[in-house]
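# Secondary and tertiary structure notes
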Amino acid sequence: MRLVLAITLFILLTTPASAINIDEGVTIPIIAAYSTMEGETGVLLNATVIVTEGNGHVFVDTQPYTQVDLQGSARMATLVASDITGIDPTRHDFYFIIEVTSPIVSGPSAGAALTVAAIADIEDWQLIDGVVMTGMINPDGSIGPVGGIPYKLDAAAQHGTSLFIVPEGQVNVVITENTIVRKGAFVAVEEKTIEVDLVERGQELDVEVVEAITIEDAVELFTGHEIHRSEPPIGVWSAEYLDVLRPLGRNVLDEANQLYLVAVNETTQFSGTLEVQKVLLDKGQEQYDEQQYYAATNTGLLVLNNLKFILWWEEYSNTKDQDEYLNNLYQTVNLEINHSRQEVERFKEEGLKDVDGVGAAEIRVVMAEQLLEDARSTETEIDYVKTLALASMRAKTVLWWLSLVNTDHTTDDGMLKDRAGWYVGTASSVVTYARTIISESDSMHGLSGLLDEADVSLDRAVIEYERGYYSGAIYDSLLAYVQASTAISLMGYSDVGTKIQRSANAARVSIEESRNAGIEPVLAVSAYEYADSLESPSQQIMEYNYARVLAKTTLQLTTTSNVSHSAVSATPIPLKTVCPTQTPTPQVPAWDGLDVPGISIISGILGVFAAMILLRR
């Protein structure tokens, strides 16, 4: 009773229009496994989840306190539940009240159950008695693998469970059992590996064991309600998208071809590299002819960057005062970046039009500034010039992204600031959560790169937010979230091909939803096209996921601004199959041009802690 009164008092004092009643939430059993002196065992607990209108807060209350990954798991549950039900997570508050008999519960294995409860509360669905599940919730809605399942099954059976849900591929698991062997005065622990068939074990316990691949599967098993799954459209490229990208692709390729002729006539070095640029230009033209305008633009930008470096290095090599040349080159790039920064501000003077385009431009400004600063710490002159060439091209792409603006609707800056703050905080929580559970599961191999990229994206988002680049902060936060969450979803996952296909399908569905609302999500479609051109499975999955969240976020931001939009005639064009041709690697920095596809931790954690304290008082 004291807890109910504390929660009610806190809400009444802070958000009087959104008072909650704990009896109105959904209570779901969650199952945990932990080690004792006698071995590993399971325990069944209860969690109550309440979703109300609010301001995007996530409150976690446990008695006693549990590990930080439970808080991250709750945050992930809110994001997936919001995605599945179509609600705006920034306009709702989520309360997770978990009964814990001792501080033994870690979060990942409770994530799927918490997500089911959140969806059930949002939809006002009742849970079926006797159903228990274990599984981590992945950001794409799939159910991730967990440990200790046999012991969890045993504990569930002791409480009258009739249906036990496990993640895909975990009806057969391998466990290690320890046996204490006494030999005189000595005590030894012997380990024995055992393969367990959970279906058979469940039959012995009178419990049916089934797999759930996605959270939709789990919700149907828990509630009897089927969540409608939209069929992905055949195509993703629309006539409007192609009309927007076509001029840019043509202009970039033309400029690259002109600069190539200059380089051929004026340089005496890098003859082999110049041959590679010709190959790349031919490839870019092929991409353009096949209507792969975003890919053609990126190829052209790569050539422009390479040629700029070649020409600058030629000038540097032939000048008498090389130190003065490098200093003047630095000042020239600095002026280019200042000009791009001013163009962004000028563009926003009459209101923020097209969050996508402006956000991409803001990100490019910060990237260019960081590269300019990085040039100071390079160890050789050639690296110095290479880095300045990259900074210069980043600044140039600022203007190109602004040229892609294709809407007249204006987004309220105050609303955008609030949203940016929420996205930065959420991304911070997810990145922290990802590092925690991945490091604890010894799954860092192959995933640390994605987490490092997430740290870079998050740091950049913080800079953008502090500067007032709220669109950029939103999309870099989304990128950090996607990079970290993709790492989570790949933990222990072997069927990467299926994961790629599911991610691509989900992206096409989200893009189609945006178009049905009258919005052409250029940034999202370009992310999809970029994903098609990649060879790394993890990067492909990440870019498809980014395309999905970009489309959903663009739709939310546009809808929230309460601006009417005319319907977009955007019949999808059949999917292209992009098969990148292998070309020699230029002996200059590899760079992917526009590459928006491919978006403070302490404050995020403290916010959760503060909420817990307030709920307990």
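Anything mentioned here points back to the structure above.
### A short note on the overall build of the protein chain
On a plain count of helices and strands, the protein chain comes out with 19 helices and 15 strands. Classification of the 617 residues of the protein chain by burial places 56% in the buried group.

### Brief notes about the sheet that holds strand E8 (residues 163–167)
Pairing is parallel across the open sheet formed by 3 strands, whose spatial order is E5-E8-E11. Both outer strands of the open sheet, strand E5 (131–133) and strand E11 (208–212), are each paired with one neighbouring strand and no more. Averaged over all neighbouring strand pairs, the angle between strand axes comes to 25 degrees, with direction disregarded. Taken together, the 5 bridges between E8 and E11 define a ladder with parallel strand orientation. Residue pairing across strands places Leu163 opposite Glu208, the latter belonging to E11.

### Looking at the pattern of salt bridges
The tally for this structure, following the rule as stated, stands at 21 salt bridges. Two residues, Asp83 and Lys552, come together in a salt bridge whose shortest N-O distance is 2.9 Å. Of this pair, Asp83 sits in helix H2 (residues 68–85) while Lys552 sits in helix H18 (residues 537–560), placing them 469 residues apart in sequence. On the basis of relative accessible area, Asp83 is assigned to the partly exposed category, the value being 27%. Given the relative accessible area of 22%, Lys552 is considered partly exposed. Note that Glu373 is salt-bridged to Arg376, the shortest N-O span being 3.9 Å. Of the residues examined, Glu373 reaches a relative accessible area of 49% and is grouped as partly exposed. When salt bridges that share partners are traced, they join Asp83, Glu513, Arg548 and Lys552 into one network.

### Things to note about the environment of Val405
Assignment of secondary structure puts Val405 in the loop between helix H12 (381–403) and strand E14 (410–411). For Val405, a relative accessible area of 22% gives the class partly exposed. For the pair formed by Val405 and Val355, sequence separation is 50 residues and the distance between their alpha carbons is 8.8 Å. When residues no more than four places from it in sequence are discounted, the contact partners of Val405 are Phe347, Lys353 and Asp354.

### A closer look at H12
Because each turn of an α-helix spans 3.6 residues, side chains separated by three or four positions end up pointing in the same direction. Compared with an ideal rise of 1.5 Å per residue, which puts 23 residues at 33 Å, H12 spans 34 Å between its outermost C-alpha atoms and is within 8% of the ideal. Judged by how many residues are buried, H12 sits mostly within the fold: 17 of 23 residues are covered.

### Observations concerning the nonpolar core
Phe164, Ile215 and Tyr475 are the most contacted members of the largest nonpolar core, which has 183 residues in total. Per element, the largest residue contribution to this core is 14 residues, and it comes from helix H9 (residues 293–318).

### Describing the packing of aromatic side chains
Each aromatic ring pair is characterised by the separation of its centres together with the angle its planes make. Under the counting rule described, the total for this entry stands at 10 aromatic pairs. Pairing Trp313 with Tyr316 gives two aromatic rings, centres 4.8 Å apart and planes at 35 degrees, and the pair type is tilted. In this pair, Trp313 and Tyr316 are both assigned in helix H9, 3 residues apart and thus about one turn of the helix distant. Each member of the pair, Trp313 together with Tyr316, is buried. Here the aromatic cluster, defined as three or more aromatic residues joined through ring pairs, consists of Phe270, Phe309, Trp313, Tyr316 and Tyr325.

Calculation rules
- Residues numbered from 1 in each chain as written.
- Predicted model: local features only at pLDDT ≥ 70, side-chain atom pairs only at ≥ 80, totals over all residues.
- Heavy atoms only, no water.
- Helix = DSSP H or I, 4+ residues; strand = E, 2+ residues; numbered from the N terminus.
- Buried < 20%, exposed > 50% of the residue type's maximum accessible area, 1.4 Å probe, protein only.
- Pairing = 2+ DSSP bridges.
- Axes fitted to C-alpha atoms, helices over the stretch in contact; angles between N-to-C directions.
- Salt bridge = Lys/Arg side-chain N within 4 Å of Asp/Glu carboxyl O.
- Contact = heavy atoms within 4.5 Å.
- Expected span 1.5 Å × (residues − 1).
- Core = buried A, V, L, I, M, F, W, Y, C linked by side-chain atoms within 4.5 Å.
- Phe/Tyr/Trp six-rings, centres within 6.5 Å; stacked < 30°, edge-to-face > 60°.

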